[in-house]
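Chain by chain, the residues:
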Amino acid sequence: MSSSTPQGLIRFNTADASEAQAALHEVCASRAWGSKILAQRPYATTDALFTASDAATTELSADDLAEAMAGHPPIGRPKPGDPTSNREQSGMAGASDDLKSEMLELNLAYQEKFGHVFLICASGRTGEQMRDAVRNRIDNTPEQEREIVRVELGKINRIRLTRIAEGDPS
């Protein structure tokens, strides 16, 4: 590893396996994904970590993908006391009560149709953008939706891995 390797990435690379696995589980709840990332340490660069993450996300089975999605709260209802969840869903924080109510209804309809939470990389999106996305995606086939979810999960994983690499604990 060169001196340009971020300090957070160095700490991740040198952490004991159980500590690194716990950090990876906070990024993505899929055990298969975490095991693949853990097995390829050390990472010389954040881009190398991203490449490994993208490959591991692409390889997730339907069950692994379901396990990953189970770790995400519904849009508009971040995990209480979880700064990551609150930060990622900040676009809903200032939403009107009507929009929050509509998102709840849409989340429930989506979950009833697909059997899992509506997953979107919410960072930087407004409540209206997230509402529009669920409206657009609810008519997808399960196969189409699974591939969209895989892409969105990859985006979320990259954002969270960036925080690890940069040494940001929150």
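Not measured: the values here are computed from a predicted model.

## Some remarks on helix H10 (residues 142–165)
Across its 24 residues, H10 extends 34 Å between first and last C-alpha, which sits within 8% of the 34 Å expected from 1.5 Å per residue. Immediately downstream of H10, the backbone of Gly167 shows phi near 80°, a positive value.

## Observations regarding the pattern of salt bridges
In the structure shown here, the tally under the stated rule is ten salt bridges. Note that Lys36 is salt-bridged to Glu59, the shortest N-O span being 2.9 Å. One end of the pair, Lys36, is in helix H3 (residues 31–39); the other, Glu59, is in the loop between helix H4 (46–58) and helix H5 (62–70), and 23 residues separate them in sequence. Taking the relative accessible area as the measure of exposure, Lys36 reaches 29% and is therefore partly exposed. Accessibility expressed as a relative area gives 47% for Glu59, which makes it partly exposed. Note that Glu102 and Arg131 form a salt bridge whose closest N and O atoms lie 3.8 Å from each other. Separated by 29 residues along the polypeptide, Glu102 in helix H8 (residues 97–114) and Arg131 in helix H9 (residues 127–137) bring together distant segments of the chain. Glu102 gets classed as partly exposed once you look at its relative accessible area, which sits at 23%. A single network of salt bridges, built from pairs that share partners, joins Glu102, Arg131, Asp132 and Arg135.

## Describing the packing of aromatic side chains
According to the stated counting rule, one finds three aromatic pairs in the structure shown. Ring centres 4.6 Å apart and planes at 45° place the aromatic pair Tyr110 and Phe114 in the tilted group. Taken together, the residues span about one helical turn, with Tyr110 and Phe114 both in helix H8 at a distance of four residues. Each member of the pair, Tyr110 together with Phe114, is buried. Here Tyr110 and Phe118 contribute two aromatic rings whose centre-to-centre distance is 5.2 Å and whose plane-to-plane angle is 80°, an arrangement assigned as edge-to-face. Judged by its relative accessible area of 0%, Tyr110 is buried. With relative accessibility at 2%, the residue Phe118 sits in the buried group. One Lys or Arg, Arg41, reaches over the ring of Phe12 and ends 5.6 Å from the middle of that ring.

Cut-off values and rules
Residues numbered from 1 in each chain as written. Predicted model: local features only at pLDDT ≥ 70, side-chain atom pairs only at ≥ 80, totals over all residues. Heavy atoms only, no water. Helix = DSSP H or I, 4+ residues; strand = E, 2+ residues; numbered from the N terminus. Expected span 1.5 Å × (residues − 1). Salt bridge = Lys/Arg side-chain N within 4 Å of Asp/Glu carboxyl O. Buried < 20%, exposed > 50% of the residue type's maximum accessible area, 1.4 Å probe, protein only. Phe/Tyr/Trp six-rings, centres within 6.5 Å; stacked < 30°, edge-to-face > 60°. Lys NZ or Arg CZ within 6 Å of the ring centre and 35° of its normal.

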